[in-house]
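Examination of the molecular architecture
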Amino acid sequence: MTTVNTNGVDESPSSPERPRSSDDASLARNSAVMAVGTIASRGTGVLRTIVIAAAVGSAGQLADAYNIPNAAPNAVYDLLLGGILTSVVVPLLVKAVKDDARAGELYAQRLLTLVAVVLGACTALTVLFAPVVVDVYGGFTGPQRTLAITFARYFLPQIFFYGLSATIGAILNTRGRFAAPMWTPVLNNIVLIVTGGLFIAVTTHKHLVTLTSGQTALLGIGTTAGVVVQTLALWPSLRASGFRYRPRFDWRGSGLGAAGKLAGWVLVYVVVNQIGFAVVTHLGRAAGSAARAHHIGHGDTFSAYNYAYQLFQLPYAIVAVSVITALLPRMSGHAVEGSFSAVRADLSTGLRTTAVAVVPATIGLLALAPQLSEIVFRHHSVSHADARYIGWVIVGFTIGLIPFCVFQLLLRAFYALHDTRTPALINLVATAANIALDVLLYVSLPTGWRAFGLALGFSASYWIAAVLTVRAVGRRLRGVDGRRVLRTYVRLTVASALAGIVAFALAELSTHLLGTGLAGAVVGLVAGAGIGGAVLLTLTTRMRIGEATTLLQAIRSRLR
């Protein structure tokens, strides 16, 4: 029986249609273009994280006073860049352009104006009520609260620029321009690296919150200036695409009502996420206070949680975001045409292409996280014990890397179909589970291991979310090519696990011979990643995992 939903999309049950090899190669090429840019942006992002961690540390009060206010606009940014705003905008822009190219450009102008006005007003309100924002997310007291409020007033304007950047990126993506949104974060990172370096040069104490007004302004202005530069750098690419922006306030009757309906559920998604995030920041700050009171030898703080997350999400940011960004316009076009078989094929291609990087990265991080963390974070204000503990928090996050990426990718099927209700409801269940697990682990684990527990709660919640989303997408699309996708994941897991055993053994041998210091970490990481990577490459070739070959060929071609 054939049924038709309210969007007029054919929902006939049919067997999954395998994507053509040319479609796989096209997605791989587009993904490779963005992956190269993302590698540059994330590579400089790692340097930025190293410098900021060295500047403010991970154990003292200064670390959380800086990182929690800075994480508030960053949390919104992760939602935007990770696809929430973009995933609503792209399908609507694709539909508008398909209906009428000129009307599509007018639609984009109105949408960009609306986003600027709404975000401008919201940003002004958050800056005005910065103390409330700090209390919601941090629960600080005394001088630490005073410093956090000052930082918040510097950081909260980032919300406006992050939202504007995400909207411009969506417009560029619908015009086939993927590179600029992936490369402009490099400028942001460079500004942050310079800012952190200058702060280290002018600051003698590591953990105190009694900064001078000049030191506070240096960190505050420098951190936000990077985001401003990143946003402004998108405009040349926007003009080069042929788009000419003119402010348009004729929103009534312009078709933006559809965006409003979708954005209503997106708002639910954002609010639920922010509640979960506020619980994490409060528990992380409380864990840090308890660790300092009990004289724990490492920083069991929100900052440790935050630094670990920055490394954990690199595989997702480099490959999965690139695949999602290249896939969404194509998938939205197929949804507009009413071809569910093509949407299924797109999802299958995206899941299998993403697995090539995400599965090996999961095993690699589990095997080499202590060495990686030692090399990245043990500088200036971060001690050896702090760095090793951050490595354990990375392990806690990494357990959930695969379901995290699967969940993010599958959500795009709903956004392509203009369905933001289902993702919001799934996110509600997952966030409730995350909060419950975080609280349970916080009270169960000993002092000094609570940030690790927060990471475990994060991972468990994404396993729940991924299972729910797979079932929901399967019902909506009459399958997701599950057998083929599962076969790819299983084969990659087998190959990666064997390579991971080799990497782990070499890292442990280096630690045994050279100790837990920097020398042992460098040798262990280089030997483990190098030889383990060679084993993985050999196994994927011998096992003839086609997705790995396709993606590697695309990246090699782009690098040449």
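Residues numbered from 1 in each chain as written. Predicted model: local features only at pLDDT ≥ 70, side-chain atom pairs only at ≥ 80, totals over all residues. Heavy atoms only, no water.

The next thing to look at is the overall build of the protein chain. Check the secondary structure of the protein chain and you find 22 helices and zero strands. Long-range contacts, defined here as pairs at least 24 residues apart, represent 85% of the contacts in the protein chain between residues at least 6 apart. Split by element, the accessible area of the protein chain, about 22,100 Å² in all, is 66% carbon and sulfur. (Helix = DSSP H or I, 4+ residues; strand = E, 2+ residues; numbered from the N terminus. Contact = heavy atoms within 4.5 Å. Areas by Shrake-Rupley, 256 points an atom, 1.4 Å probe, with all protein chains shown as cover.)

This part is about helix H9 (residues 185–202). Between its first and last C-alpha, H9 extends 26 Å over 18 residues, near the 26 Å set by a 1.5 Å rise per residue. Along H9, the positions that sit buried rather than exposed are Pro185, Val186, Asn188, Asn189, Leu192, Thr195, Gly196 and Phe199. (Expected span 1.5 Å × (residues − 1). Buried < 20%, exposed > 50% of the residue type's maximum accessible area, 1.4 Å probe, protein only.)

The geometry of helix H20 (residues 482–514) relative to helix H21 (residues 518–542) is characterised by a closest axis approach of 8 Å and an angle of 155° between their N-to-C directions. Classified by the interaxial angle, the pair formed by H20 and H21 is roughly antiparallel. Between H20 and H21 lies a crossing whose hand is right-handed. Residues Leu492, Ala495, Ser496, Leu498, Ala499, Val502, Ala503, Leu506, Ala507, Ser510 and Leu514 of H20 pack against Ala519, Gly520, Val523, Gly524, Ala527, Gly528, Ile531, Gly532, Val535, Leu536, Leu539 and Thr540 of H21. Across the contact of H20 with H21, the residue classes tally to 16 nonpolar, seven polar and no charged. (Axes fitted to C-alpha atoms, helices over the stretch in contact; angles between N-to-C directions. Parallel < 35°, antiparallel > 145°, perpendicular 65-115°, else oblique. Left-handed = near helix turned anticlockwise from the far one by under 90°. Nonpolar A, V, L, I, M, F, W, Y, C, P; charged D, E, K, R; others polar.)

In this structure, His380 is a non-glycine residue whose phi angle is positive, near 50°. Tracing the sequence through the fold places His380 in the loop between helix H15 (340–377) and helix H16 (384–398). Classification of His380 by relative accessible area gives partly exposed; the value is 42%.

Applying the stated rule across the entire model yields five salt bridges. Linking Glu374 and Arg388 is a salt bridge whose minimum nitrogen-to-oxygen distance equals 3.3 Å. Taken as a pair, Glu374 in helix H15 and Arg388 in helix H16 lie far apart in primary sequence, 14 residues in all. Across this residue pair, the class does not change: Glu374 and Arg388 are buried. For Arg476, the salt bridge goes to Asp419, with nearest N and O atoms at 3.0 Å. (Salt bridge = Lys/Arg side-chain N within 4 Å of Asp/Glu carboxyl O.)

Turning next to the nonpolar core. In summary, soluble globular proteins display a tendency toward joint burial of nonpolar side chains. Among the nonpolar cores identified, the biggest contains 108 residues, and Phe377 and Phe397 are the most heavily contacted of them. Examining the composition of this core, we find that 13 residues originate from one element, H15, more than from any other. Among the nonpolar cores identified, the runner-up in size contains ten residues, and Ile171, Leu172, Ala180 and Leu238 belong to it. (Core = buried A, V, L, I, M, F, W, Y, C linked by side-chain atoms within 4.5 Å.)

Examined against the element boundaries, Phe140 turns out to sit in the loop between helix H5 (130–137) and helix H6 (142–155). Judged by relative accessible area, which is 5%, Phe140 ranks as buried. As a C-alpha pair, Phe140 and Asp64 span 76 residues in sequence and 9.3 Å in three-dimensional space.

With that settled, the discussion passes to the environment of Asp346. Summarising the element assignment, Asp346 is placed in helix H15. Measuring from C-alpha to C-alpha, the distance between Asp346 and Ala413 comes to 9.1 Å, with 67 residues separating the pair along the chain. With residues near it in sequence (within four places) discarded, Asp346 still touches Leu327, Arg330, Met331 and His334.

Turning our attention to the packing of H16 against helix H19 (residues 450–477). In contact at an axis separation of 7 Å, H16 and H19 are set at 15° when each is read in the N-to-C sense. By the criterion of interaxial angle, the relationship of H16 to H19 is roughly parallel. In this structure, H16 meets H19 at a crossing whose hand is right-handed. On H19, the residues that touch Tyr389, Trp392, Val393, Gly396, Phe397 and Thr398 of H16 are Arg450, Ala451, Phe452, Ala455, Leu456, Phe458 and Ser459. Here the residues of the contact of H16 with H19 are counted per class, giving nine nonpolar, three polar and one charged.

On the surface, a cluster of nonpolar side chains totalling about 480 Å² of accessible area is made up of Leu125, Leu128, Phe129, Val132 and Val136. Elements that contribute at least two residues to the nonpolar patch include exactly helix H4 (101–128) and H5. Structurally, Phe129 can be placed in the loop between H4 and H5. (Patch = residues over 30% accessible without salt bridge, like charges linked within 9 Å, V, L, I, M, F, W, Y side chains within 5 Å.)

As a further point, take the packing of aromatic side chains. One pass over the structure, following the stated rule, counts 26 aromatic pairs. Among the aromatic side chains, those forming a connected cluster through ring pairs are Tyr137, Phe277, Phe302, Tyr305, Tyr309, Phe312, Tyr316, Phe397, Phe404, Phe407, Phe458 and Tyr462. (Phe/Tyr/Trp six-rings, centres within 6.5 Å; stacked < 30°, edge-to-face > 60°.)

Looking now at the side chain of Thr540. Note on placement: Thr540 falls in helix H21. Within the structure, Thr540 has its side chain in polar contact with the backbone oxygen of Leu537 (distance 3.0 Å). Setting aside residues no more than four positions away along its own chain, Thr540 makes contact with Leu492, Ala495, Ile545 and Ala548. (Polar contact = N/O pair within 3.5 Å; in protein donor to acceptor, adjacent residues only side chain to side chain.)

Within the secondary structure layout, Gln230 lies in helix H10 (residues 213–232). Under the relative-accessibility criterion, Gln230 is labelled buried at 3%. A distance of 3.0 Å separates the side chain of Gln230 from the side chain of Asn188, its partner in a polar contact.

It should be kept in mind that the predicted coordinates are not to be read in detail where pLDDT is low. Across the protein chain, the average pLDDT comes to 82, with 82% of residues at 70 or higher. Confidence over residues 1–20 falls short of pLDDT 50; this stretch has 37 contacts with residues more than four positions distant or in other chains. (pLDDT = per-residue confidence, 0-100.)

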